[in-house]
Amino acid sequence: MQQGIHPEYRPVAFRDKTGGLSFLTRSTAASERTVEWADGRTYPVVDVETSSASHPFYTGRARLMDTEGRVELYRRRYGG
């Protein structure tokens, strides 16, 4: 890798605004805001709209499409 052209790869906290989950990982994401973590250190924090704590697929609140029922409804309506 060339030196000086890549963004800094460092620990960053990601915080789910909806689900209340926060996790610490390494990233190149930039943020002006910081948060004090449980280890006493301060890390940049990136707020995200959705994570595994709030996404319907992971929380079990996802609605599945009833494809068979939709096909039957179509056939009844349009005679197909």
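Residues numbered from 1 in each chain as written. Predicted model: local features only at pLDDT ≥ 70, side-chain atom pairs only at ≥ 80, totals over all residues. Heavy atoms only, no water.

A. Fine view of the overall build of the protein chain. Along its length, the protein chain carries 2 helices and 4 strands. Reading the protein chain from its N end, one meets helices and strands in the order β-β-β-β-α-α. Residue burial in the protein chain is summarised as follows: out of 80 residues, 15% are buried. A separation of at least 24 residues holds for 34% of the contacts in the protein chain among residues at least 6 apart in sequence. (Helix = DSSP H or I, 4+ residues; strand = E, 2+ residues; numbered from the N terminus. Buried < 20%, exposed > 50% of the residue type's maximum accessible area, 1.4 Å probe, protein only. Contact = heavy atoms within 4.5 Å.)

B. Structural view of the side chain of R10. Residue placement: R10 occurs in strand 1 (residues 10-16). The buried charged residue R10 lacks any salt bridge partner; its closest oppositely charged side chain belongs to E8, at an N-O distance of 4.4 Å. Of the polar contacts made by the side chain of R10, one reaches the backbone oxygen of E8; its length is 3.3 Å. Within the structure, R10 has its side chain in polar contact with the backbone oxygen of A29 (distance 2.9 Å). (Lys, Arg positive; Asp, Glu negative; His and termini not counted. Salt bridge = Lys/Arg side-chain N within 4 Å of Asp/Glu carboxyl O. Polar contact = N/O pair within 3.5 Å; in protein donor to acceptor, adjacent residues only side chain to side chain.)

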